[in-house]
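Fold and geometry: a report
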Amino acid sequence: MVLMDFNELEQIRAEKIDVLRSAGIEPYPTRAKRTHTTQQAKQAFEQQETIEGADPIRVTLAGRVRAMRPMGKICFIHIEDIDGRLQLFFRVNEVGAEAMKLLTATVDLGDFIEASGEMVRTRTGEVSLLVHAYTMLAKAITPLPAGKDEIVDGELIQHGGLSDPELRYRQRYADLAVNPEVREIFRIRAKTIRALRCFMDDHQFLEVETPILQPIYGGAAARPFVTHHNQLHQDLYLRISFELYLKRLVVGGLERVYEIGRDFRNEGVSFKHNPEFTQLEFYWAYADYLQVMELTEKMISQVAMAVLGTMQITFDGKEIDLTPPWKRVNLRDGLIEATGIDIQQYPDGPSLAAAMQEKGIAANPQMPRGKLIDKLLGDHLEPTFIQPTFLYDYPIDISPLAKKIPGDPTMVERFEGFIGGMELCNAFTELNDPIDQEQRFLEMGRAYAEDDDENNPMDEDYLKAMCYGMPPQGGFGMGIDRLVMLLTGKRSIREVLLFPHLRERDRTGESSDS
RNA sequence: GGGCGCGUAGCUCAACGGCAGAGCAGUGGCCUUUUAAGCCAUUGGUUGAAGGUUCGAAUCCUUCCGCGCUCACCA
């Protein structure tokens, strides 16, 4: 029982709850009566101040106590609310001796309080609320993990605040309460998603929702999470992409569709991977991957402008310019330049692996050709693409849902977008030939072991949809978390997820018996 | 999963084989314009867990738990 485990500091605060109750004060009242936020009150005051002999501005503010300076018969408290901090000025003259005594006896840093009075300027010129009456709104028992801070030229300088990453992620509420820059990350995240939505809507894309629980997973090479429907006695998978469902909708005549939602992949966790992550996918009938490329650079640059007001961002100490057009690099040419290997000359895995080994690049000859190429581009191209770059024209064997380049049966019309040395998006001209698609599924099946989870099962219903006729279309997928990383300058995906996945804490403290 | 690093008071950190400490927060006192308020006094620890080496372990060794970085994995 967590409430039995109060430490000494919490015990002392919990006792103050009793002090309040015995003074006839409810420490958790049902309602608040706020009339202004801190900034509204400040603005109202500053406006009124210019008028000679104007009536005082009377307000009721509510917020969390973030600083407290009791000085005997007066007391200064800074409260913080959604849009900033404001100083409360308590004087025994206004609030009375009894309330003054209770203030210092029962109010702690972290408590939510409400105070009403008139706006004034203190001797040092700070706009403050001269408090006539105050009430407790919610007594905090656990002290915030905050150090002291000061405001210098409007900048908040924290002295010894919360920095332990584990505590920050496990107790994100405490992190948010204490670190305003963390709150800002999630404002940027919200703005980013809104800007993406606006962009898609403005381009006549219809927002849709497709199943998260799927009987057959597909659309990406990834291990799925498995779950079970009890009543139907049916295993279900959490989706690893939206692709196959969205393209069914294009078959149905919804020419432009998009979805923003969560994907789940049962894979390793890293600074750019979380088991669940947010994805934008769109499908665009009668467009090809070149049009998608143009729409992509337009979208990202416009989103940056909407969110940050600029197309110049700084990521990992590097200046990045998102202004279109972006650099375009042909995959084959890029690999020749970076590694001296012309993938065209090595039609299968073993020959390509041998060529790689000759260049001193570790390569497993057992690996399929596509995976080797993927490894080459991941190691030798991806990290070099700091400025926005489209890498285009991929080998067919790592792109089973993309359409062949006319006249070249080994390559497909596909591109990936990279920024800051990180893959951001993946797109292609979609394969719409059901017979070709069935072949690709069968080839994929052969390339993977039967028990390999990445061996995507044949989705017969998807083929059936395609048999009804699927218009040519361009498709696109992007990790929104990574875009938010770029826009906030954060190197870890965990920084841009409110509740990143962490291993379960060993609650008992006993060593595991496994 | 492998390698490296880290885990000490509520928070930020010292002590690196010899009495577990500081600042902030807390508690008591003084203080009617402060703002990292100040002054005086003071509480607070199973050093992540378990085992081992040693006269003696926060410190050295082993195992485990968690976090970080990194490699592997990751159309």
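Residues numbered from 1 in each chain as written. Chains lettered and ligands numbered in written order. Predicted model: local features only at pLDDT ≥ 70, side-chain atom pairs only at ≥ 80, totals over all residues. Heavy atoms only, no water.

Considering the domain arrangement of chain A
To be explicit about the condition: For the domain bounds, the source is a domain assignment made automatically or taken from a database.
If you check the domain split of chain A, you get domain 1 (7-143) and domain 2 (182-326 + 387-496). Its C-alpha centre places domain 1 at a distance of 50 Å from the equivalent point of domain 2.

A closer look at the sheet that holds strand β9 (residues 213-214)
Definition in use: In short, DSSP must find at least two bridges between two strands for them to pair. Comment: elements are numbered from the N terminus, with helices defined as DSSP H or I runs of at least four residues and strands as E runs of at least two.
An order of β9-β11-β10 is seen for the 3 strands of this open sheet, with the pairing classed as antiparallel. Strands at the two margins of the open sheet, each flanked by one partner only, are β9 and β10 (226-229). Summarising the sheet, β10 and strand β11 (residues 234-238) pair through 4 bridges and their orientation is antiparallel. From the neighbouring strand, V226 faces β11, where its bridge partner is Y237.

A few points about the protein's contact with RNA strand B
What counts here: Near is defined per residue: the residue qualifies when any heavy atom it owns lies within 4 Å of the molecule or strand. Within 3.5 Å is the distance limit for a polar contact, defined as a pair of N or O atoms, with the added protein rule that one can donate a hydrogen and the other accept it, and that residues adjacent in sequence qualify only through two side-chain atoms. Residues are grouped as follows: Ala, Val, Leu, Ile, Met, Phe, Trp, Tyr, Cys and Pro are nonpolar; Asp, Glu, Lys and Arg are charged; all remaining types, including Gly, are polar.
Taken together, 62 residues surround RNA strand B, and among them K16, T124, K148, E166 and H273 come closest. Of all atoms in RNA strand B that approach within 4 Å of the protein, 60% are sugar or phosphate atoms. Between RNA strand B and the protein, one listed contact pairs a sugar or linking oxygen with a side-chain N or O atom of R170 at 2.8 Å. One of the side-chain N or O atoms of E267 is found 2.7 Å from a sugar or linking oxygen in RNA strand B. A breakdown of the residues in the surface near RNA strand B according to their chemical character gives 19 nonpolar, 17 polar and 26 charged.

Overview of the side chain of H36
Just so we agree on the cut-off: We call two residues contacting when some pair of their heavy atoms lies within 4.5 Å.
The topology assignment puts H36 in the loop between α1 (8-22) and α2 (38-49). Leave out the neighbours within four places in its chain, and H36 touches A41, R58, V59, T60 and L61.

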